[in-house]
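Results of the structural survey
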Amino acid sequence: MKTYKNLYEDVCSFENLYGAYLKARKCKRYKEYVLDFSWDVEGEIMKLQDDLMNKAYKHGEYYQFTLYDAKKREIKAAPFRDRVVHHALCTVLEPIFDRGFIYDSYACRKGKGTHKAIKRLDKFIQSAEECWGEGNVYCLKCDISKYFDSIDHQVLFDLIRRKVRDVNVLWLVEKIIKSSFSRRVHYDLFNFCETGIPIGNLTSQLFANLYLNELDQFVKHDLGEKYYIRYMDDFLILGNEKRRLHELEGILREFLRRELRLELHKKKVALYPVEKGISFLGYKVFRHYKLIRKSTILRFVKNIKEKTNSSGITDSVRSWLSFANYANIFSLRHQLFELLALDLLAI
């Protein structure tokens, strides 16, 4: 395995930090905390660079809030100065780790995303049914229980250290991993592990993909499963034998517990025929068409009704249409806009 040294100067270079600042302020440039930093951006970046080079850098406190979407999520937002550091670190580390990820990992990666994952699932269903026959393909769908909260700090750090041998970069990585309050979980009578990384950090997206890359490699190379897709902590496998897929569930549970100290969600592991449709990333995917899940539609309607200004409504509608146009929604689209038109007139 190739390892990397002498990365810290790249992380701390003025050019990298300024580029990180531009990325961090994207779509937020008129926020008060961004304007404060931008008032003397060269001076702020030089101070940040000096703190990093002298190892005087300390991560700031997070602002925490709750987001209600598909499920309740506790979000931790880092101060803007620290977000610049997160971007600077990811700019250097992401290419190193991303080239080692499997093709069919789709979350938070350049050139991937929701639509690419659904398109790949389409191809998998067609290929599997051509191979085994319609009505003979099953889907094992899994979800990790409290994934971001359960990521073990030491396991994560050891995975990063396999490739990154620059002690200064590792110092910064450890600072960020331990920057938010974590849970202490006992895994035997004498030892405990610190767990949890903030959902809101850019670094957390990279770290979370790296963490489950161990699962990806195990499924693809050790188990030899061809039809496997993962989007963050949601993943599925297609097969033609129910008994084999049941066995795989047990194998995956044991692997996750032993290697990564993770648990499959008790209520979100399902095994069913593909012909009934696969619920994945907000869609219900069939061989010849796709529908939008009812829960996804209801969240969209609720979100629109909560908007109080037209620009916010416009942005939300455009974003949702980009998502929805990937499914078969012609009649649904007209019904929704007839319904929403009455509510919008009242705003």
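Sequence order as written defines residue numbering, which begins from 1 separately in each chain. Given that the model is predicted, a residue must reach a pLDDT of at least 70 before its local features are reported, and side-chain atom pairs must reach 80 or more before they are shown or counted; all residues, however, enter totals for whole chains, interfaces and linings. Each side-chain value is worked out from all heavy atoms of the structure, with water and hydrogens disregarded.

**A closer look at the sheet that holds strand β11 (residues 290-292)**
Any two strands with at least two DSSP bridges between them are considered paired. Helical segments are the DSSP runs of H or I of at least four residues, strand segments are the runs of E of at least two, and each set is numbered from the N terminus. Spatially, β9-β10-β11 is the arrangement adopted by the three strands of the open sheet, whose pairing is antiparallel. Two strands lie at the open edges of the sheet, namely β9 (278-280) and β11, each paired on one side alone. Each adjacent strand pair in this sheet contributes to an overall mean axis angle of 30 degrees, direction not counted. Helix α6 (residues 114-132) rests against β9, β10 (283-285) and β11 of the sheet, and its axis sits at about 15 degrees to β10. What counts as an axis is a line fitted to C-alpha atoms, over the stretch in contact for a helix, and the angles between N-to-C directions run from 0 to 180 degrees. Residues count as neighbours in contact if any of their non-hydrogen atoms are within 4.5 Å of one another.

**Some remarks on helix α10 (residues 202-222)**
Quick reminder: α-helices carry 3.6 residues per turn. Residues three or four places apart thus point the same way. Each helix should span, by expectation, one fewer than its residue count multiplied by 1.5 Å. The end-to-end C-alpha separation of α10 is 30 Å, in line with the 30 Å expected for 21 residues at 1.5 Å each. Bending of α10 peaks at approximately 35 degrees at the position of Leu212. Taken from the residues just after α10, Gly224 is the one with a positive phi, measuring 70 degrees. Think of it this way: the bend at a residue is just the angle between two axes, each fitted to seven residues, one set ending at that residue and the other starting at it.

**Focus: the packing of helix α2 (residues 14-24) against helix α4 (residues 41-53)**
One can describe the packing of α2 onto α4 by two numbers: an axis separation of 10 Å at closest approach and a directional angle of 120 degrees. If you check the angle between α2 and α4, you find them oblique. Remark: the crossing between α2 and α4 carries right-handed chirality. Side by side, α2 and α4 meet where Phe14, Leu17, Tyr18 and Tyr21 of the first sit next to Val41, Glu42, Ile45, Met46, Leu48, Gln49 and Leu52 of the second. Of the residues that constitute the contact of α2 with α4, the class distribution is nine nonpolar, one polar and one charged. Oblique is the label for every angle not falling under 35 degrees (roughly parallel), over 145 degrees (roughly antiparallel), or within 65 to 115 degrees (roughly perpendicular). It is the rotation of the near helix from the far one that decides the hand of a crossing: anticlockwise by less than a right angle makes it left-handed, clockwise makes it right-handed. When residue character is reported, Ala, Val, Leu, Ile, Met, Phe, Trp, Tyr, Cys and Pro are called nonpolar, Asp, Glu, Lys and Arg charged, and the others, Gly included, polar.

**Some words on the sheet that holds strand β3 (residues 138-143)**
A sheet is described by the order of its strands in space; here four strands give the open sequence β6-β7-β3-β8, paired in antiparallel fashion. Whereas interior strands pair on both sides, the edge strands pair on one side only; in this sheet they are β6 (228-231) and β8 (270-273). Here the average twist between neighbouring strands, direction ignored, is 15 degrees. Inspection of the sheet shows β6 paired to strand β7 (residues 234-239) by four bridges, in the antiparallel sense. Its bridge partner lying in β7, Ile229 is registered against Leu236. This element, α6, spans β6 and β7 of the sheet and lies at about 165 degrees to β6.

**With respect to unusual backbone geometry**
One non-glycine residue, Lys55, lies in the positive phi region at around 55 degrees. Relative accessibility decides the category of a residue: with a 1.4 Å probe and only protein chains considered, values under 20% of the type maximum give buried, values over 50% give exposed, and everything between is partly exposed. Owing to a relative accessible area of 38%, Lys55 belongs among the partly exposed residues under this scheme. At Leu281, a position not held by glycine, the phi torsion is positive, near 55 degrees.

**Notes on a nonpolar patch on the surface**
Taken together, the side chains of Tyr63, Phe65 and Leu67 define a hydrophobic patch exposed on the protein surface, amounting to about 300 Å² of accessible area. Residue Leu67 is classed as partly exposed on the basis of its relative accessible area of 39%. The residues that make up patches have over 30% relative accessible area and no salt bridge, and they are joined within 9 Å when like-charged or within 5 Å when they are Val, Leu, Ile, Met, Phe, Trp or Tyr. Per-residue accessibility takes into account occlusion by the displayed protein chains alone, with areas from the Shrake-Rupley method and a 1.4 Å probe. Put simply, a salt bridge is a Lys or Arg side-chain nitrogen that is within 4 Å of an Asp or Glu carboxyl oxygen.

**With respect to the pattern of salt bridges**
In the structure shown here, the tally under the stated rule is 17 salt bridges. A salt bridge links Arg253 to Glu249; the shortest N-O distance between them is 3.3 Å. Taken together, the residues span about one helical turn, with Arg253 and Glu249 both in helix α11 (residues 242-260) at a distance of four residues. Like Arg253, the residue Glu249 is buried in the burial classification.

**Re empty space enclosed by the protein**
Put plainly, a pocket is an open set of points on a 1 Å grid over the protein atoms alone with protein on both sides within 12 Å along at least five of seven lines, a cavity is a set where a 1.4 Å probe fits but cannot get out, and a lining residue has an atom within 4 Å of a point. Grid points are joined across faces, edges and corners, and a volume is the space filled by probe spheres set on the points. Summed over the entire model, instances satisfying the criterion amount to one cavity of 30 Å³ or more. His153, Gln154, Phe157, Glu174, Ile177 and Lys178 are the residues that line the largest cavity. Every element with two or more residues in the lining of the largest cavity is listed here: α8 (153-163) and α9 (167-177). Among the elements that make up the lining of the largest cavity, the one with the highest residue count is α8 (three residues). When the residues that make up the lining of the largest cavity are grouped by side-chain class, the tally is two nonpolar, two polar and two charged.

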